[in-house]
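Observations on the model geometry
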Amino acid sequence: MTILVTGGAGYIGSHTCVELLNAGYEVVVVDNYYNSVPAVLDRVEQITGKKLKSYDCDIRDREGLDKIFAENKPDAVIHFAGLKAVGESAKLPLLYYENNISGSVTLFEAMEAANCKKIVFSSSATVYGNNPIPYKEDMITGDVSSPYGRTKHFIEKILGDVYAADNSWSVSLLRYFNPIGAHESGLIGEDPNGIPNNLMPYISRVAIGKLEKLTVFGGDYETKDGTCIRDYIHVVDLAKAHLCAVKKILDTTGLEAYNIGNGKGYSVLDIVHAFEKVTGKPLNYVIGARREGDLPAFYADATKANKELGWTAKYDIDKMCEDTWNFQTKNPDGIK
Ligand code: NAD
Ligand code: UD1
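Residues numbered from 1 in each chain as written. Chains lettered and ligands numbered in written order. Predicted model: local features only at pLDDT ≥ 70, side-chain atom pairs only at ≥ 80, totals over all residues. Heavy atoms only, no water.

Some thoughts on the overall build of the protein chain
When helices and strands are tallied, the protein chain shows eleven helices and 13 strands. Here the C-alpha coordinates of the protein chain stretch approximately 55 × 45 × 40 Å along the principal axes. The buried share of the protein chain, reckoned over its 336 residues, is 57%. If you average the places of the 36 positive and of the 44 negative side-chain charges in the protein chain, the two averages end up 2 Å apart. (Helix = DSSP H or I, 4+ residues; strand = E, 2+ residues; numbered from the N terminus. Buried < 20%, exposed > 50% of the residue type's maximum accessible area, 1.4 Å probe, protein only. Lys, Arg positive; Asp, Glu negative; His and termini not counted. Charge placed at Lys NZ, Arg CZ, Asp CG, Glu CD.)

Here is the structure:
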């Protein structure tokens, strides 16, 4: 079986390629390396001892996609490619709509033309917006606070329309919570350009001395220690959820959404302290103002994925911090 992975050189995509190769799938990566480097794929091959095929191609390039589909005849697609910086999306909404939405539509058109109608799509917990917690898949979605989040909501709806028009599609919408951590080899991990927006890469750059201190965004939320609560999930657990989703879509038709989270909430300070335990030294942080748009707390009800995909998150917060630190110390300047 051949799986075409868009955005396969990225953070979550590369970890998923490892799991796919280890499970015996043929892997074809399509990435324009906007937010990644081809060397990541060499590392995926190094970890697995297996080869994959890759194309430097933009998902908005219909001709390029048609050729790739014709050459490889994939059985299913996992669609990671997209831009993901929430703050940037508020400043450059058209870039986000063009890349994420137009890119996805072009990909779905190419899939339909190639009669490949099985897809796992990278969605986000952000589609739940202000719903009560824990989030469940049957809640009404779409009350989102950023153009980035809206692209996820719209793409989910587009796939809903595609499936409604043609029930031979098989669609799995995976709503990720907060992926952190790295492969335990330390060869691949999260390597954002510039100053990280997300908590974990920021913490690890403070710990290694590349950034001076972490500002905790808000210490006055109505939570156990005043800081925000999130559902952090090890990226390898998340990658394994894709394997379960692929198995399911290969065997069935339909459209389902799944929460991919641990089902547990940790505060920002829980993460800081877990990280300090791993590095054995205190982390320089201050409590600052709230970040606009942040919700006080959210986490998943992951029962549906547990039952229907046979998937459960295995790794705890200590392992997430350990593997992040291992990757950071082995790659102080990222992957070149
Ligand atoms: P990433 O930026 O590391 O990976 C995305 C990959 O897609 C990159 O390699 C990038 O070069 C590629 N890409 C972007 N636009 C492309 C295009 N037009 N054509 C071809 N390739 C393109 O991000 P990630 O953290 O691995 O996230 C993967 C997916 O999961 C994204 O869709 C993201 O929105 C979604 N997601 C991520 C998180 C998270 O916290 N990391 C949470 C929820 C959802
Ligand atoms: C963010 C996005 C969300 C996206 C998710 C995964 C926003 C508002 N939301 O979620 O749409 O799906 O990333 O990519 O950006 N924090 C600090 N200091 C920092 C950085 C973060 O205290 O320097 C806190 C935040 O306030 C938050 C927690 O750490 O409470 C996690 O933040 P982050 O990693 O950015 O993820 P989310 O905000 O949950």
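Quick look at the site of ligand 1
Surrounding ligand 1, one finds 27 residues, the nearest of these being Asp-31, Asn-35, Ser-36, Phe-80 and Lys-84. Residue Asn-32 places a side-chain N or O atom 3.2 Å away from a nitrogen atom belonging to ligand 1. Within the backbone of Phe-80, one N or O atom sits 2.8 Å away from an oxygen atom of ligand 1. Surface burial for ligand 1 is 95%, taken as the share of its 820 Å² of free accessible area covered by protein chains. Mapped onto the shell around ligand 1, the elements with two or more residues apiece are helix H1 (11–22), strand S5 (118–124) and helix H6 (147–165). (Near = heavy atom within 4 Å. Polar contact = N/O pair within 3.5 Å; in protein donor to acceptor, adjacent residues only side chain to side chain. Areas by Shrake-Rupley, 256 points an atom, 1.4 Å probe, with all protein chains shown as cover.)

Structural notes on unusual backbone geometry
Most peptide bonds take the trans form, and the phi angle of most residues other than glycine is negative. That bond from Ile-133 to Pro-134 is cis: its omega, -5°, falls within 30 degrees of zero. Along the chain, Pro-134 falls in the loop between S5 and H6.

Brief notes about the site of ligand 2
Near ligand 2 there are 19 residues, and of these Thr-215, Phe-217, Arg-230, Arg-291 and Asp-294 occur at the shortest range. One nitrogen or oxygen atom from the side chain of Thr-126 is found 3.4 Å from an oxygen atom belonging to ligand 2. Residue Asp-294 places a side-chain N or O atom 2.6 Å away from an oxygen atom belonging to ligand 2. Here the shell around ligand 2 gets four residues from one element, more than from any other, and that element is strand S8 (residues 214–217). A class-by-class count of the residues in the shell around ligand 2 yields ten nonpolar, six polar and three charged. (Nonpolar A, V, L, I, M, F, W, Y, C, P; charged D, E, K, R; others polar.)

Brief notes about the nonpolar core
One finds Ile-260 and Trp-311 to be the most contacted residues of the largest nonpolar core, which totals 46 residues. For this core, the element with the most residues is helix H8 (residues 235–251), which contributes ten residues. In contact with Ile-260, not counting residues within four places along its chain, are Leu-174, Arg-175, Tyr-176, Phe-177, Ile-233, Leu-238, Ala-241, Ala-305, Leu-309 and Trp-311. One finds Cys-57, Val-77, Ala-110 and Ile-155 within the second-largest nonpolar core, a separate group that totals 25 residues. (Core = buried A, V, L, I, M, F, W, Y, C linked by side-chain atoms within 4.5 Å. Contact = heavy atoms within 4.5 Å.)

A few points about helix H3 (residues 62–72)
Think of an α-helix as turning once every 3.6 residues; residues three or four places apart then point the same way. Restricting attention to buried positions, one finds in H3 the residues Gly-64, Leu-65, Ile-68, Phe-69 and Asn-72. Along the long axis of H3, the arc covered by the buried residues comes to 130°, so they all point the same way. The exposed residues of H3 that point more than 90 degrees off its buried face are Glu-63, Lys-67 and Glu-71. The backbone nitrogen of Glu-63 lies 3.3 Å from a side-chain oxygen of the residue at the head of H3, namely Asp-61. Downstream of H3 by one or two residues, Lys-73 has phi in the positive range, about 45°. (Arc of directions from axis to C-beta.)

Side note on a nonpolar patch on the surface
A surface patch of nonpolar side chains, about 280 Å² in accessible area, is lined by Tyr-34, Leu-92 and Leu-95. Positionally, Leu-92 belongs in the loop between helix H4 (86–91) and helix H5 (93–113). (Patch = residues over 30% accessible without salt bridge, like charges linked within 9 Å, V, L, I, M, F, W, Y side chains within 5 Å. Salt bridge = Lys/Arg side-chain N within 4 Å of Asp/Glu carboxyl O.)

What to know about the side chain of Ser-172
Along the chain, the position of Ser-172 falls in strand S6 (residues 170–176). Owing to a relative accessible area of 2%, Ser-172 belongs among the buried residues under this scheme. Look past the residues within four positions of Ser-172 in its chain and what remains in contact with it is Ile-119, Val-120, Phe-121, Ala-245, Ile-249, Glu-256 and Tyr-258.

What about the packing of aromatic side chains?
The final tally for this structure, using the stated rule, is six aromatic pairs. Where Phe-275 meets Trp-325, the ring centres are 5.7 Å apart and the plane angle is 80°; that geometry is what we call edge-to-face. Note that Phe-275 is positioned in helix H9 (residues 268–279) and Trp-325 in helix H11 (residues 317–330), a separation of 50 residues in sequence. A relative accessible area of 14% places Trp-325 in the buried class. An aromatic cluster of three or more residues is present, and its members are Tyr-128, Tyr-135, Phe-177 and Phe-298. For the cation-ring pair, Lys-304 lies above Tyr-258, with the distance from its terminal atom to the ring centre recorded as 4.9 Å. (Phe/Tyr/Trp six-rings, centres within 6.5 Å; stacked < 30°, edge-to-face > 60°. Lys NZ or Arg CZ within 6 Å of the ring centre and 35° of its normal.)

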